[in-house]
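An overview of the molecular structure
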Amino acid sequence: MAPPPLGLIAELTHRCPLQCAYCSNPLALDMPDSELSTEDWLRVLDEAAAIGILQVHFSGGEPMARRDLAALVRHAAARGLYTNIITSGVLLSDAAMAELLDAGIDHIQLSFQDAGAADGDRFGGYRGGHARKLEAARRIREAGLPLTTNFVIHRQNAERVEAMIALGEALGSERIEIAHTQYYGWGLLNRNALLPSFAQLEQANAVVAAARERLRGRIVIDYVVPDYYAARPKACMGGWGNRFINISPSGKALPCHAAETLPGFVFPSVREQSLTAIWAGSDAFLRFRGTDWMPPACASCDRREIDWGGCRCQALALAGDAAATDPACARAPDHHLMALAIGEAEGAPLDLVPRRLKQS
């Protein structure tokens, strides 16, 4: 049996006040009436603690759209789970902050769409959102919690990475994440308007390298590059079914947040099966776990237990086969598809399709 997962990603809801065009949520978002109940989530948290999970990451959508968030945090903390909330911050009022502190929250990750209000509000589709985020950061720091600020980078804001890092520093972040858009869900739909040029990537790389040197010992900077310019794939989620269980708002257990795009799978529901049974015995978690499933290019590679074959969702999106070698790998038969995608994005319109709960 595989070792227990490190973390549970609890996608409480797909509801969100923001409309970010790079969101990795699926295009077919779960409706509010399909969401797990409070009682369902409490049971899931009990099972997570029982099988040895150490961390729970409350995400969405916007997890603070759930009125029971503080109760879930309290329950997780009482079960010995480290609790983290990944939030846009626009709903983090004084009252909400007080409730979360009383519940025992350990950490809050705060996302920003840009370094300034005009572009931040434009990309988030939420007037006044940037100002609310600044207030949320202040509340988190005044509460004595560690602050992680997340900035998503793409073609339309890549020139402002230096200003983003400066903002994270000014807000008192202990960790700053500079993450290029990952092309799943709405991000994939909007890829041509979001994929940066090679020159933009090189500039961002240089800015991050300089900031890491300047802030060494004070602020940790995590940097996630776009796979489309990579020579080797990333170990997506630490490897399929290796480290995380992702629970969708409606209760589907997924090896990663984008796995629902894969055809030929029946993803088990926590309404019907325990986390133990799902982790240890479901085809959804076993099919690409380890190395036995790998095509020859991966099975013979000395990095096979480092990158675990890369991303299955990306292999499907680009190569049309979830079992193929991730095209991000320079050794992949389909690596040329990355260059084709980059070429397709060059000169493409910058129009974005905003993320909405219901498409018109």
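In the block above lies the structure referred to throughout.
Our subject in this report is the structure included herewith. (Residues numbered from 1 in each chain as written. Predicted model: local features only at pLDDT ≥ 70, side-chain atom pairs only at ≥ 80, totals over all residues. Heavy atoms only, no water.)

Here six bridges tie strand E5 (residues 147-153) to strand E6 (residues 175-180), and the two strands are oriented parallel to one another. Across the sheet, residue Thr-149 finds its bridge partner in E6, namely Ile-176. In this view, the connection linking E5 to its parallel neighbour E6 by way of helix H6 (residues 161-170) has right-handed handedness. Pairing geometry for E6 and strand E7 (residues 220-224), over five bridges, is parallel. When the bridges of E7 are listed, Glu-177 appears paired with Asp-222. (Pairing = 2+ DSSP bridges. Helix = DSSP H or I, 4+ residues; strand = E, 2+ residues; numbered from the N terminus. Right-handed = clockwise from strand over helix to strand, strands pointing away.)

A few words on the sheet that holds strand E3 (residues 82-87). Strand order in the open sheet formed by nine strands is E7-E6-E5-E4-E3-E2-E1-E8-E9, with mixed pairing between adjacent strands. Across the chains shown, the open sheet's two edge strands, defined by having one partner strand only, are E7 and strand E9 (253-254). Sitting on the sheet, H6 touches strand E4 (107-112), E5, E6 and E7, and the angle it makes with E5 is about 170 degrees. (Contact = heavy atoms within 4.5 Å. Axes fitted to C-alpha atoms, helices over the stretch in contact; angles between N-to-C directions.)

Turning to helix H4 (residues 117-124), its buried residues are Gly-120, Asp-121, Phe-123 and Gly-124. Considered in projection along H4, the buried side chains sweep an arc of 165 degrees and stay on one side of the axis. Buried positions along H4 lie against helix H5 (129-142). (Buried < 20%, exposed > 50% of the residue type's maximum accessible area, 1.4 Å probe, protein only. Arc of directions from axis to C-beta.)

A few words on the packing of aromatic side chains. Taken as a whole and judged by the stated rule, the model has nine aromatic pairs. With 5.9 Å between their ring centres and 45 degrees between their planes, Phe-198 and Tyr-229 make a pair best called tilted. Here Tyr-229 lies in the loop between E7 and strand E8 (244-247) and Phe-198 lies in helix H9 (residues 198-214), a separation of 31 residues in the sequence. Classification of Tyr-229 as partly exposed rests on a relative accessible area of 21%. Arranged with centres 5.2 Å apart and planes meeting at 5 degrees, the rings of Phe-265 and Phe-267 form a pair that is stacked. Comparing Phe-265 with Phe-267 shows no difference in burial state: the two are buried. (Phe/Tyr/Trp six-rings, centres within 6.5 Å; stacked < 30°, edge-to-face > 60°.)

Moving on: the nonpolar core. Ranked by internal contacts, the top residues of the largest apolar core, which has 83 residues, are Leu-8, Phe-58, Leu-92, Leu-100, Ile-165, Ile-178 and Ile-247. Contact partners of Ile-247, with chain neighbours within four places excluded, come to Leu-8, Ile-9, Ala-10, Glu-11, Leu-36, Trp-41, Lys-252, Ala-253, Val-270 and Leu-275. (Core = buried A, V, L, I, M, F, W, Y, C linked by side-chain atoms within 4.5 Å.)

Take the pattern of salt bridges next. In total, this model carries 23 salt bridges according to the counting rule given. We note a salt bridge from Arg-141 to Glu-174, for which the minimum N-O separation is 3.9 Å. Highlighted residues: Arg-141 in helix H5 and Glu-174 in the loop between H6 and E6, separated in sequence by 33 residues. Within the structure, one salt-bridge network assembled from shared partners comprises Arg-15, Glu-35, Arg-66 and Asp-68. (Salt bridge = Lys/Arg side-chain N within 4 Å of Asp/Glu carboxyl O.)

Moving on, we get to the environment of Ala-235. Checked against the element boundaries, Ala-235 lands in the loop between E7 and E8. A relative accessible area of 30% places Ala-235 in the partly exposed class. It is 10.0 Å that separates the C-alpha atoms of Ala-235 and Arg-303, two residues lying 68 residues apart in sequence. Other than its neighbours up to four places away in sequence, Ala-235 contacts Ile-306, Asp-307 and Trp-308.

The next thing to look at is unusual backbone geometry. For the peptide bond that leads from Gly-60 to Gly-61, omega is 15 degrees, which places it in the cis range. Along the polypeptide, Gly-61 turns up in the loop between strand E2 (55-59) and helix H2 (69-78). Of note in this structure, Met-237 is not a glycine but carries a positive phi near 55 degrees. Here Met-237 is to be found in the loop between E7 and E8. If you check the backbone angles, Trp-308 has positive phi at about 55 degrees while not being a glycine. Its place among the elements puts Trp-308 in the loop between helix H12 (296-299) and helix H13 (312-319).

So, on to the packing of H6 against H9. As a packed pair, H6 and H9 sit with axes 9 Å apart at the nearest point and diverge in direction by 30 degrees. With respect to H9, the axis of H6 lies roughly parallel. The element H6 and its partner H9 pack so that their crossing is right-handed. Here Val-161, Glu-162, Ile-165 and Glu-169 of H6 lie close against H9, whose contacting residues are Ala-204, Val-207, Val-208, Ala-211 and Arg-214. When grouped by side-chain class, the residues that make up the contact of H6 with H9 number six nonpolar, no polar and three charged. (Parallel < 35°, antiparallel > 145°, perpendicular 65-115°, else oblique. Left-handed = near helix turned anticlockwise from the far one by under 90°. Nonpolar A, V, L, I, M, F, W, Y, C, P; charged D, E, K, R; others polar.)

By definition, a disulfide links two cysteine residues through a covalent bond between their sulfur atoms. Applying the stated criterion across every chain yields a total of zero disulfides. No disulfide involves Cys-23; its sulfur sits 6.9 Å from that of Cys-20, the nearest cysteine. Of the residues examined, Cys-23 reaches a relative accessible area of 16% and is grouped as buried. With no disulfide of its own, Cys-298 lies 6.7 Å from the sulfur of Cys-329, the closest cysteine sulfur. By relative accessible area, Cys-298 is classed as buried at 7%. (Disulfide = S-S within 2.5 Å.)

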